[in-house]
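Structural description and commentary
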Amino acid sequence: IPILRRVDNGMVNASQLLHAGGLVTEQEKSVILSLERFKKRYRRSDSALRGTWIPLSRARELSRTLSLDQRLQVFLSDD
């Protein structure tokens, strides 16, 4: 599953992150994403940016919860 991270502000596509963590249904993702405080939604269906975007710090926490932190360590680093 490809996961996008914006270069300009570090935001990570949480929809893709959740999918990589095994939450594949819209209902499962909606429950988690509804609790996110600092999110941006892009709804254009024809865009690769489609989905819910969260700050890098929150993406790191979410990746730990989903047991993806080791696999995504480099991707979610500050370097």
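All values derive from a computational prediction rather than experimental measurement.

1. Looking at the overall build of the chain
A count of helices and strands for the chain gives three helices and three strands. Seen in sequence order, the chain has helices and strands lined up from the N terminus as β-α-α-β-β-α. Here the C-alpha radius of gyration of the chain, 12 Å, is about what a compact globule of 79 residues would show, namely 12 Å. Expressed as lengths along the three principal axes of its C-alpha atoms, the size of the chain is roughly 30 × 25 × 25 Å. Residues counted as buried form 33% of the 79 residues belonging to the chain. Taking the intrachain contacts of the chain between residues at least 6 apart in sequence as the baseline, contacts between residues at least 24 apart amount to 46%. A total of about 5,500 Å² of accessible surface is found on the chain, and carbon and sulfur atoms cover 51% of it. Looking at charge distribution, the chain has the averaged site of its 14 positive side-chain charges lying 5 Å from that of its 9 negative ones.

2. Topic: the environment of T65
Tracing the chain through its elements places T65 in helix α3 (residues 56-65). Here the alpha-carbon distance between T65 and G21, two residues 44 residues apart in the chain, equals 9.0 Å.

3. Observations regarding the sheet that holds strand β2 (residues 40-42)
As summarised here, the arrangement of the three strands in space is β1-β3-β2, forming an open sheet in which the pairing is antiparallel. The open sheet has two edge strands with one neighbour each: β1 (12-13) and β2. Both β2 and strand β3 (residues 51-54) contribute to a ladder of three bridges, which runs antiparallel. The residue bridging R41 from the neighbouring strand is T52, located in β3. Taken strand by strand, α3 contacts β1 and β3, and its axis lies near 105° from that of β3.

4. Details of the pattern of salt bridges
Scanning the model with the defined rule gives five salt bridges in all. Of the charged contacts in the structure, one is a salt bridge between E26 and K29, with a shortest N-O distance of 3.6 Å. Residue E26 and its partner K29 are both found in helix α2 (residues 26-34); the two are separated by three residues, about one turn of the helix. Overlapping salt bridges bring together E36, R58 and E61 as one network.

So, how was this worked out
Residues numbered from 1 in each chain as written. Predicted model: local features only at pLDDT ≥ 70, side-chain atom pairs only at ≥ 80, totals over all residues. Heavy atoms only, no water. Helix = DSSP H or I, 4+ residues; strand = E, 2+ residues; numbered from the N terminus. Rg over C-alpha atoms; globule rule 2.2 N^0.38 Å. Buried < 20%, exposed > 50% of the residue type's maximum accessible area, 1.4 Å probe, protein only. Contact = heavy atoms within 4.5 Å. Areas by Shrake-Rupley, 256 points an atom, 1.4 Å probe, with all protein chains shown as cover. Lys, Arg positive; Asp, Glu negative; His and termini not counted. Charge placed at Lys NZ, Arg CZ, Asp CG, Glu CD. Pairing = 2+ DSSP bridges. Axes fitted to C-alpha atoms, helices over the stretch in contact; angles between N-to-C directions. Salt bridge = Lys/Arg side-chain N within 4 Å of Asp/Glu carboxyl O.

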